[in-house]
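Each chain is listed here by its residues.
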Amino acid sequence: MAEKKQSDSLIIFVNGKKITVSNADPETTLLYFLRERLQLTGTKYGCGGGGCGVCTVMVSRYDVQTKGIHHLSINACLMPICQLHGAAVTTVEGIGNTKTRLHPVQERIAKTHGSQCGFCTPGMVMSMYTLLRNKPKPTMEDITEALGGNLCRCTGYRPIIDGYRTFCENDNCCQLNNSLCLMSNENGSLELDKNCQLDFFNKEDFLPLDPTQELIFPPELIRMAESQEQTTQMFQGERITWISPITLGELVQLKAQYPQAPIVMGNTNVGLDIKFKGVLHPIIISPTRVGELFEVNQKPEGLCIGAGCSLSTVRSVLERCVCSLPVEHTQTYAALLEQLRHVGGQQIRNVATLGGNIVSAYPNSDLNPVLAAGRCSLLVQTKDGKQEIPLDKNFFVGFGKTILKPDQLVLSVFIPVSRKGEVVCALRHAPRKENALATVTTGMRVWFHDGSDVVKEMSAYYGGVGACTFSAERMIQQVIGRPWNEATLNEAYRALVDEVILEVSAPGGKVMFRRSLTLSLLFRFYLHVLQYLKDMSVTGVGVPEDQRSGVRPLPCVIEPGYQEFQEVAEVQVEQDPVGRSKLHRSAITHATGESVYCDDIPHIQGELFLSVVTSTRAHAKIIQIDVSRALDMPGVVDVITAKDIPGQKFRSFTGTEEELLAEHEVTCVGQMVCAVVADTKQHAKLAAAALKVSYEDLPERIFTIEEAVERQSFYLPHRELQRGDVDKAFQEVDHIHEGEMRVGGQEHFYLETQSMLVVPVREQKEMKVYLSSQNPTCTQISVAETLGIPANRVSCHVKRIGGAFGGKLTKASILASITAVAAWKTDRPVRWVLERGEDMLITGGRHPVLGKYKVGFMNDGKIIAADIQYFASAGNTADETLLVIEKMLIHMDIAYNIPNLHGQSMACNTNLPSSTAFRGFGGPQSMMVIENMINDVAMLLGCPAEEMRERNFYKGLSLTHYKMEFHPENLHRCWEECKERAEFGRRRQAIVEFNQQNRWKKRGISLVPIKYGIGFGNAVLQQAAALVHIYKDGSVLVSHGGIEMGQGIHTKVQQIVSRELNIPLSLIHISETCTSAVPNTCPTAASFGTDANGMAVWDACQTLYKRLEPIRKKDPNGSWESWIAKAFVERISLSATGFYRGHEVGMDWQKQEGRPFTYFTYAACCSEVELDCLTGEYRTVRTDIVVDVGKSINPAIDIGQIEGAFMQGLGLYTMEELTFSPSGSLHTRGPAQYKIPAVCDVPLQFNVYLLSGSQNPYAIHSSKGIGEPIVCLGSSVFFAMKEAITAARTDVGLSGPFPLHSPATPERACLACNTCFTQMIPKTKAGTPWAMELP
Ligand SMILES: Cc1cc2nc3c(=O)[nH]c(=O)nc-3n(C[C@H](O)[C@H](O)[C@H](O)COP(=O)(O)OP(=O)(O)OC[C@H]3O[C@@H](n4cnc5c(N)ncnc54)[C@H](O)[C@@H]3O)c2cc1C
Ligand code: FES
Ligand code: FES
């Protein structure tokens, strides 16, 4: 068996084709196999750890027992190829394509504008496809659950949900010409503005779902499963041997022979250890074909479930039991079901096993506390026989450790039925409602003496409060033998406080919060049981009316979204697409997986892969880089250090130099030191891990803004803006208030990590660079300077990028330059695709900001003076920080005319990874500080915040604080319309009543405005060029300097070309953005891409159209094609360049005045939230946004930008939290630790209205830039939460301003509520915390 040397062959079917794999390597994942071996690149890499869903595929298997076929969505990144013998894999390419036919799942996500950058789209498609294979008429709950494990950073999910809603039996979206919509009045009739145009999509146009058309399960696999003599399989890889036994006997033997070998089932734990912790298991045992592990037996005394059953299977088994057994027997089953809904995403639950979850013994396993509380036991087998082991307080002995011996195998789990008088409950809190490991999770059980409320038995297990599942023994002792009432529980809380001790350094941090959660979850259990006793007629009390909100869940049903925008004029010809909601030009190929991203470019002969070595020290001297071990490792070709750089060794973006590779000193953890190039990614990665760098720590380390200020560690110059006389005004005001606001950083979390491929042409030192960048010219120059060659030898090519948000501006050029050095030195093509963890560590994110304010105001709320100081944490390099701090000052007035306003901004130089550009470029941080200041003023005056905002608005023709003239009329229109659309007055009143009636749930509503300057604020960066070719057949190829990153620039440009040349969209193509076609491009950023490039393209089209005029005049009835043919014969050039010089914009920082923008985009947003005061969890109940985008070139695309930016803002201000260790090492390096909004975070009602009748003389076709401004409006959720928290604080007698920093995570929100539970937690003793308090 194990001695067998030869690897077996593996048979799988991929998209209906049989594939026999000889020499399968156990380290090969399905994702790698699909992408690298089969070139099926539709399935993407996003995180490698099961957390993002972009690698979702469907795996189908035949079940010999039931003779049925099971379809499962799974994460290909965690699935070892060796696990798939006998399975059929369906990828996005297998269900439809543009050459044959589209699948309805692909068509609908595309046609309902559910795809922007498209990187997440294949994963979404496959999750939905699998759902429909199993359930052709799903419910909305099925859909949100199926998509719960798929992240999207662009769309805000609303269009995806609404698109897929069309598969539901009873979808009732007005846009589908069906029953009611959000805008219907009480009689059900629509109250739509005349301008409203509901043509986003029409259900009638969709392909019907026809299950008979689906790919059939390969009959050969059925025959294989039914007839073939199954044998033990062995796969021998470079480092690992994989053994897959058939019988239990063999398995037991193997376990005895290799006790240290893991049992790999779902691989969701072992896989992560191998990938992220570098754990090596020379032998792996995979018993997925051992039938005994999957047996399920229902007996009167309980349920026996095979340890190999997946969590999805466990769930269906439990659901069946709950339906068929009396309620009194199903308490534990129901509690487990409650937990199972939340474990990972669907893809994880489909593979992760019950046994794996138990044995992994995660400290925050959701199942273990319930299984332990529910008196479960394990049937364990060794070669010496079987044994039953109780899963109780003695079972878990440490982090990832149980009392099981290495050779013990868990065969099954016994879950007893609950008894009469027994109540079992599972409660958890996680940083995100779905697909997030719990912060604290519990399983609690209480058993009463017959017909009484006196407790006979109790158990309470907590996860997330220590190294392993914890039994609250002392607390239980306070309860047993006593009646279930408040007095007993008060004793219990006290005992719990004493026994759940978390040191300040406890892994995971959040010490106060976690401790308070143990109490509030116990309280929730108490209420639950109280109601049970009432329902059983044991007591007459039940849950008091005012406490009911303690057990009621937050609302969660997502309604269809509503969008409204202006129709094009009736006179506009049908063919003219400008102003119409045209599909994103690549939406369909995104959905079929045919769109090509950087890493989808096929491998080139001789290609190498790069892996980087980063600093492990925050500030240290490099003593030695020992490359010898790395060079000796298999496949390694070379190691690249700073010494290998032939040209300039640094980059400089705003004046300060940034080394490409550190040579003598490192200044943050994550700084790049050297790189390894090898024949495969795996070899490069292993060698990089083996490479030794020795350091000598330097004493000075600066992490916080306070430390930087204290040591005057700044990048100069500081910036300052002043209007009026602040000091004088402070002497005249009625009140003065001082406060501060911290806005945390944010990770871009574009789904496509930074990627590049550099190909030396081997002739005249030419280099071709294919990459994912917003700024190809910057990369071109950077590569040229790094290699010491002229820029004309370097061409940069960007076809599309899978999201960027500012993160692929400067950093991409540094990464590409390092890759270019490797290609230069080895004279071979070199590819580098960053892993998610590397990307998060190296490339930095949004600047964390500390804002301090002093505000002077009158009794009527008019703010007369404000003095603001912004400190931005720039990190270890300046990058673009100086521009960011300028933008912060420029945007500090938001919509408010504060007559005496003084602002200063400073860039702190710290030993953290360098911050960089991020959507909004300082604006979202800046406005947050000011809005918080206004909120404080409102609280001090006891006045609603929106009234305070209105009172301070700019009115009439105005001057900004830097003396730019503008008229705020459209801002006021957005504000008023938003108020009206959102029914603000009525809902504010309803909220007051709600808050009076509910102690533990509070609602809040907030309305915020934004006036956002569009463009770079620098005339040089606002130029653009274009090149338009018309070919002899009449087709048109457009090149321009803008990058397609999901924002739809190419689609809008096509629309512009279509109008100018008067030809259909189908004749126009944009292939890529390339520095050889259009030189000296400016970055695609600052919401200015279409403004600039649209104008350049327009200019080129004008030239061409004029050239064709004589021909058109001669033959007015001719076709476009005939004119072009004629023009060629008449030797008229059919190629033209276009140029846009941009407007004269800029700031004079000496004079503190200027006109940095030509125009503003205005908007207003109203959000309402419901907050759970016991856990700090919240739900956005409704959001209404009114935006002035001028005359939208493409309303669907603009609304997509609005919804996506809003969700990114919601993430910034309420969820996304970066944490660093006290030594400056980033903890949050993937979706497991860093939570971006998911489907569950979409506002339950999400309505977007584009302001009608707006014009903009400064941009193409009267449109306005929209990419960034709406991020700021995510703050409406923050302030709605703050209002809800204020209501909770009022209940405990607190009033007035209070600190709540951004993001308002559940931890911050819960602690700010200051409930009796948080008050019970004593202050933690001083010590080194697990995570630093930043910024
Ligand atoms: C993205 C993601 C999200 C997650 N979210 C949650 C969550 O919200 N809540 C939660 O509780 N968990 C969560 N998990 C953890 C997940 O539930 C566990 O990793 C999973 O249940 C382990 O099962 P597996 O089959 O994948 O184990 P594997 O990785 O295959 O094995 C894990 C360990 O269990 C041992 N083992 C497995 N089966 C047996 C057996 N029969 N006998 C003896 N030893 C055995 C193996 O030797 C190995 O040491 C998440 C995991 C991921 C990747
Ligand atoms: S890449 Fe597989 S889940 Fe992220
Ligand atoms: S479209 Fe979803 S990540 Fe870009």
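Placed above this text is the structure.
Residues numbered from 1 in each chain as written. Chains lettered and ligands numbered in written order. Predicted model: local features only at pLDDT ≥ 70, side-chain atom pairs only at ≥ 80, totals over all residues. Heavy atoms only, no water.

Caption draft 1: The overall build of the chain, seen in detail. Helices and strands together make up the secondary structure of the chain, namely 38 helices and 50 strands. For 1335 residues, the compact-globule estimate of 2.2 N^0.38 gives 34 Å, and the chain sits close to it at 31 Å. With the C-alpha coordinates of the chain rotated into their principal frame, the extents come out at 90 × 80 × 70 Å. Out of the 1335 residues in the chain, the part that is buried amounts to 64%. Counted over contacts in the chain with a minimum sequence separation of 6, partners at least 24 positions apart contribute 77%. (Helix = DSSP H or I, 4+ residues; strand = E, 2+ residues; numbered from the N terminus. Rg over C-alpha atoms; globule rule 2.2 N^0.38 Å. Buried < 20%, exposed > 50% of the residue type's maximum accessible area, 1.4 Å probe, protein only. Contact = heavy atoms within 4.5 Å.)

Caption draft 2: Main features of the packing of helix 3 (residues 104-111) against helix 4 (residues 121-134). Following both chains from N to C, one finds helix 3 and helix 4 inclined at 130 degrees, their axes separated by 9 Å at the closest point. When the interaxial angle is binned, helix 3 and helix 4 end up oblique. Crossing of helix 3 over helix 4 shows right-handed handedness. In this structure, helix 3 uses Val105, Gln106 and Ile109 to contact helix 4, whose residues at the interface are Thr121, Met124, Val125, Met128, Tyr129 and Leu132. (Axes fitted to C-alpha atoms, helices over the stretch in contact; angles between N-to-C directions. Parallel < 35°, antiparallel > 145°, perpendicular 65-115°, else oblique. Left-handed = near helix turned anticlockwise from the far one by under 90°.)

Caption draft 3: Examining the sheet that holds strand 9 (residues 296-299) more closely. The strand order across the open sheet built from five strands is 9-10-15-11-12, with neighbouring strands paired in antiparallel fashion. Where the open sheet ends on each side, the last strands, each with one partner, are strand 9 and strand 12 (385-390). In this sheet, adjacent strand axes meet at a mean angle of 20 degrees when their direction is disregarded. Two elements, strand 10 (residues 302-306) and strand 15 (residues 409-416), share five bridges in a ladder whose sense is antiparallel. Its bridge partner lying in strand 15, glycine 302 is registered against proline 416. Sitting on the sheet, helix 8 (residues 248-257) touches strand 11 (377-382) and strand 15, and the angle it makes with strand 15 is about 115 degrees. (Pairing = 2+ DSSP bridges.)

Caption draft 4: Summary view of the packing of helix 3 against helix 6 (residues 158-165). Running from amino to carboxyl end, helix 3 crosses helix 6 at an angle of 135 degrees, the nearest separation of the two axes being 8 Å. The angle between helix 3 and helix 6 places the two elements in the oblique class. In the crossing of helix 3 with helix 6, the sense of the turn from one axis to the other is right-handed. For the pair helix 3 and helix 6, the contacting residues are Val105, Arg108 and Ile109 in the first and Ile160, Gly163 and Tyr164 in the second.

Caption draft 5: Looking closely at the site of ligand 1. Near ligand 1 lie 33 residues; those nearest to it are Met265, Gly266, Thr268, Thr353 and Asp366. A distance of 2.9 Å separates an oxygen atom of ligand 1 from a polar atom in the side chain of asparagine 357. The contact in question runs from a nitrogen atom of ligand 1 to an N or O atom on the side chain of aspartate 366, over 2.7 Å. Bound to the protein, ligand 1 loses 93% of the 980 Å² it would expose on its own. Those elements that provide at least two residues to the shell around ligand 1 are helix 9 (270-277), helix 13 (354-360) and strand 15. Considering each element in turn, the shell around ligand 1 owes the most residues, five residues, to helix 13. Split into classes, the residues belonging to the shell around ligand 1 amount to 16 nonpolar, 15 polar and two charged. (Near = heavy atom within 4 Å. Polar contact = N/O pair within 3.5 Å; in protein donor to acceptor, adjacent residues only side chain to side chain. Areas by Shrake-Rupley, 256 points an atom, 1.4 Å probe, with all protein chains shown as cover. Nonpolar A, V, L, I, M, F, W, Y, C, P; charged D, E, K, R; others polar.)

Caption draft 6: Main features of the nonpolar core. Of all hydrophobic cores here, the largest spans 251 residues; its most connected members are Met458, Trp484 and Leu522. Among the elements that make up this core, the one with the highest residue count is helix 17 (residues 511-535) (13 residues). Leucine 522 has contacts with Met444, Met458, Tyr462, Met475, Leu489, Ala492, Tyr493 and Leu496, leaving out every residue within four places of it along the chain. Of all hydrophobic cores here, the second largest spans 73 residues; its members include Leu30, Leu34, Val351 and Val410. (Core = buried A, V, L, I, M, F, W, Y, C linked by side-chain atoms within 4.5 Å.)

Caption draft 7: The side chain of histidine 961, seen in detail. Note that histidine 961 resides in the loop between strand 38 (958-959) and strand 39 (965-966). Overall, the relative accessible area of 1% leaves histidine 961 in the buried class. One polar contact links the side chain of histidine 961 to the main-chain carbonyl oxygen of leucine 889, over a distance of 2.8 Å. If we skip the residues at most four places from it in the chain, histidine 961 touches Leu721, Gln722, Arg723, Leu889, Ile890, Met892, Asp893, Leu901, Tyr954 and Gln1152.

Caption draft 8: A look at the pattern of salt bridges. Summed over all chains, the structure comprises 72 salt bridges. For the salt bridge of aspartate 697 with arginine 617, the shortest nitrogen-to-oxygen distance reads 3.1 Å. Pair noted here: aspartate 697 is in strand 28 (residues 692-697) and arginine 617 is in the loop between strand 21 (608-614) and strand 22 (620-626), with a separation of 80 residues, a long-range link. When its relative accessible area of 47% is taken as the criterion, aspartate 697 is described as partly exposed. Residue arginine 617 is classed as partly exposed on the basis of its relative accessible area of 28%. Between arginine 719 and glutamate 886 there is a salt bridge, and its shortest N-O distance comes to 2.8 Å. Of the two residues, arginine 719 sits in strand 29 (residues 714-723) while glutamate 886 sits in helix 26 (residues 881-890), which places them 167 residues apart along the sequence. One connected set of salt bridges, linked through shared partners, spans Arg552, Glu983, Arg986, Arg987, Arg1003, Glu1168, Glu1170, Arg1182 and Asp1184. (Salt bridge = Lys/Arg side-chain N within 4 Å of Asp/Glu carboxyl O.)

Caption draft 9: Region of the structure containing the sheet that holds strand 48 (residues 1160-1172). Taken in spatial order, the five strands make up an open sheet running 20-50-49-48-40, and their pairing is mixed. The strands lining the two open edges of the sheet, one partner per strand, are strand 20 (562-564) and strand 40 (1001-1013). The average undirected angle you get between the axes of adjacent strands in this sheet is 10 degrees. Inspection of the sheet shows strand 48 paired to strand 49 (residues 1178-1188) by 10 bridges, in the antiparallel sense. Opposite alanine 1164, over in strand 49, you have valine 1186 as the bridge partner.

Caption draft 10: Inspection of the packing of aromatic side chains at higher detail. A complete count under the given rule lists 22 aromatic pairs for this structure. Ring geometry for phenylalanine 1278 versus phenylalanine 1279: centroids 5.0 Å apart, planes at 80 degrees, classification edge-to-face. On the basis of relative accessible area, phenylalanine 1278 is assigned to the buried category, the value being 0%. An aromatic cluster is present here, built from Phe448, Trp484, Tyr493, Phe523, Phe525, Tyr526, Trp1000 and Phe1317 joined pairwise through their rings. For arginine 1112, the ring lying beneath its charged end belongs to tyrosine 1105, and the centroid distance is 3.5 Å. (Phe/Tyr/Trp six-rings, centres within 6.5 Å; stacked < 30°, edge-to-face > 60°. Lys NZ or Arg CZ within 6 Å of the ring centre and 35° of its normal.)

Caption draft 11: Focus on the side chain of asparagine 269. Note on placement: asparagine 269 falls in the loop between helix 8 and helix 9. Beyond its immediate sequence surroundings of up to four residues, asparagine 269 is in contact with Ser360 and Tyr362.

Caption draft 12: View of the pairing of strand 15. Of all eight residues in strand 15, seven are buried; the element is thus mostly enclosed. Across five bridges, the pairing between strand 11 and strand 15 is antiparallel. From the neighbouring strand, serine 377 faces strand 15, where its bridge partner is phenylalanine 414.

Caption draft 13: A look at unusual backbone geometry. Residues leucine 716 and proline 717 are joined by a peptide bond in cis, for which omega reads 5 degrees. Checked against the element boundaries, proline 717 lands in strand 29. Put simply, serine 1302 and proline 1303 share a cis peptide bond, and its omega is 5 degrees. Structurally, proline 1303 is set in the loop between helix 36 (1275-1291) and helix 37 (1306-1313). You will see that phenylalanine 805, though not glycine, has its phi angle at about 60 degrees, which is positive.

Caption draft 14: Summary view of helix 26. The buried fraction of helix 26 is high, at nine of 10 residues. Residues of helix 26 that are buried: Thr881, Leu882, Val884, Ile885, Glu886, Lys887, Met888, Leu889 and Ile890.

Caption draft 15: Here's a closer look at the pairing of strand 42 (residues 1036-1040). Buried residues dominate strand 42, accounting for four of its five residues. Strand direction decides the pairing type here: strand 41 (residues 1024-1030) and strand 42, joined by five bridges, are antiparallel. Of the residues in strand 42, the one forming a bridge with leucine 1027 is serine 1039. Here strand 41 hands over to strand 42 after five residues, with glycine 1034 in that stretch at a positive phi of 95 degrees. Viewed along the sheet, the connection from strand 42 through helix 31 (residues 1049-1061) into strand 43 (residues 1068-1069) turns out right-handed. (Right-handed = clockwise from strand over helix to strand, strands pointing away.)

Caption draft 16: Structural view of the environment of valine 1057. Relative to the helices and strands, valine 1057 is located in helix 31. For valine 1057, a relative accessible area of 0% puts it in the buried group. Along the chain, valine 1057 and cysteine 1101 lie 44 residues apart, while their C-alpha atoms are 6.6 Å from each other. Every residue in contact with valine 1057, bar those within four places of it in the chain, is listed here: Val1036, Val1038, Asn1062, Ile1068, Val1097 and Cys1101.

Caption draft 17: Broad picture of the environment of threonine 1081. Mapping threonine 1081 onto the fold places it in the loop between strand 44 (1073-1074) and helix 32 (1089-1107). Taking relative accessible area as the criterion, threonine 1081 reaches 9% and is therefore assigned buried. Expressed as a C-alpha distance, the spacing of threonine 1081 and threonine 777, which sit 304 residues apart in the sequence, is 5.7 Å. Excluding its chain neighbours within four sequence positions, the residues that come into contact with threonine 1081 are Asn775, Pro776, Thr777 and Gly1041. Side chain to side chain, threonine 1081 and threonine 777 meet in a polar contact 2.6 Å long.

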